[in-house]
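So you can see what is in the structure, the chains are spelled out below.
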Amino acid sequence: NKVDDNEKNAIFATASYTLDALTAKAGLLVQDGYFKSISADDVDNEDWRINEAWRADKDFEKRFSNADKATILFADLSYDLTDALSVNGYLDYLISAKDESDNEVKDLDEISYKVGVAYTIDALKLEGWYRAYGDSQVGGKATYGLADGVDASFEVGYKMFEKEGKDGEVSYTAKIV
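These numbers were taken from a predicted model, which means no experiment stands behind them.

The rules behind each value
Residues numbered from 1 in each chain as written. Predicted model: local features only at pLDDT ≥ 70, side-chain atom pairs only at ≥ 80, totals over all residues. Heavy atoms only, no water. Helix = DSSP H or I, 4+ residues; strand = E, 2+ residues; numbered from the N terminus. Contact = heavy atoms within 4.5 Å. Lys, Arg positive; Asp, Glu negative; His and termini not counted. Charge placed at Lys NZ, Arg CZ, Asp CG, Glu CD. Pairing = 2+ DSSP bridges. Axes fitted to C-alpha atoms, helices over the stretch in contact; angles between N-to-C directions. Buried < 20%, exposed > 50% of the residue type's maximum accessible area, 1.4 Å probe, protein only. Polar contact = N/O pair within 3.5 Å; in protein donor to acceptor, adjacent residues only side chain to side chain. Salt bridge = Lys/Arg side-chain N within 4 Å of Asp/Glu carboxyl O. Core = buried A, V, L, I, M, F, W, Y, C linked by side-chain atoms within 4.5 Å.

Draft legend 1. Just the overall build of the protein chain, in detail. The number of helices and strands found in the protein chain is two helices and nine strands. Of the regular secondary structure in the protein chain, the N- to C-terminal order runs β-β-α-α-β-β-β-β-β-β-β. Expressed as lengths along the three principal axes of its C-alpha atoms, the size of the protein chain is roughly 55 × 45 × 25 Å. A sequence separation of at least 24 residues applies to 40% of the contacts in the protein chain between residues at least 6 apart. Each charge class in the protein chain can be summarised by its mean position, and for the 20 positive and 36 negative side chains these summaries are 2 Å apart.

Structure, rendered in structure tokens:
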């Protein structure tokens, strides 16, 4: 029961399972009344994920319109094919979104997903992926461990836009962390 109209409630539950080379995680977010429930610094920098975009308030107005309440289901899965090669993916599904008057908010992107592969050779890790959330992207990243706790990485991506007639966009990032 709500005490007053300004009260906001949320349920966030996750479960994970690991068996040999398989790791699975699933979660459910039910949030009655929008509020930022996690710092953008605490998410995996996956602004392509519905659950992280909602909780960290990333481009909220653009992505969720006037939604005030949401139910989001998500799952992550990874499988190590060998000690060096793994496949991974995630799927987020926006089950429902409602405004402050409990009316269904329509025309929102309801699914975000990513499929990828990672290969590690000594201190070098190579990753590739395809992900989509409205727009889509194919990309790759190379990370090299320079020293304990110090990595150099180079990432390149090609973003394909959902809108007709809009050209794709190439992006790249080089970092030493």
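And the narrative resumes.
Draft legend 2. How the structure looks around the sheet that holds strand E2 (residues 22-32). Strand order in the open sheet made by the nine strands is E1-E2-E3-E4-E5-E6-E7-E8-E9, with antiparallel pairing throughout. Whereas interior strands pair on both sides, the edge strands pair on one side only; in this sheet they are strand E1 (9-19) and strand E9 (169-176). When the angles between neighbouring strand axes are averaged without regard to direction, this sheet yields 10 degrees. Across eleven bridges, E2 lies against strand E3 (residues 69-80) in antiparallel orientation. By the bridge assignment, Asp32 is partnered in E3 with Lys69.

Draft legend 3. Molecular detail of the side chain of Gln137. Along the chain, Gln137 turns up in strand E7 (residues 135-147). Residue Gln137 is classed as buried on the basis of its relative accessible area, which comes to 6%. A distance of 3.0 Å separates a polar atom in the side chain of Gln137 from a polar atom in the side chain of Trp129. Engagement of the side chain of Gln137 in a polar contact is seen with the side chain of Arg131, the distance being 2.7 Å. Sequence-distant contacts of Gln137, defined by excluding residues within four places in its chain, comprise Trp48, Trp129, Tyr130, Arg131, Gly157, Tyr158, Lys159, Met160 and Ser171.

Draft legend 4. Region of the structure containing the pattern of salt bridges. Applying the stated criterion to the full structure yields four salt bridges. Between Lys69 and Asp32 there is a salt bridge, with the nearest N and O atoms lying 3.8 Å from each other. Residue Lys69 is found in strand E3, and its partner Asp32 is found in strand E2; the two are separated by 37 residues along the sequence. For Lys69, the salt bridge is made with Asp102, and the minimal N-O distance between the two is 2.8 Å. One end of the pair, Lys69, is in strand E3; the other, Asp102, is in the loop between strand E4 (85-98) and strand E5 (111-121), with 33 residues separating them in the sequence. Classification of Lys69 by relative accessible area gives buried; the value is 16%.

Draft legend 5. Region of interest: the nonpolar core. In terms of nonpolar packing, the biggest core is built from 17 residues, with Ile50, Trp54, Phe64, Ala67, Ile72, Leu94 and Ala97 touching the most fellow members. Among the secondary structure elements, those contributing two or more residues to this core are helix H1 (50-56), helix H2 (60-64), E3 and E4. Here Ile50 is in contact with Phe64, Ile72, Asp92, Leu94, Asp109, Glu110, Ile111, Ser112 and Tyr133, once residues within four sequence places are set aside.

Draft legend 6. A look at the side chain of Ser136. Mapped onto the secondary structure, Ser136 falls in strand E7. With a relative accessible area of 10%, Ser136 lands in the buried category. Separated by 3.4 Å, the side chains of Ser136 and Tyr130 make a polar contact. Excluding its chain neighbours within four sequence positions, the residues that come into contact with Ser136 are Trp48, Tyr130, Arg131, Tyr158, Lys159 and Met160.

Don't take any of this as a statement about function, it's just geometry.
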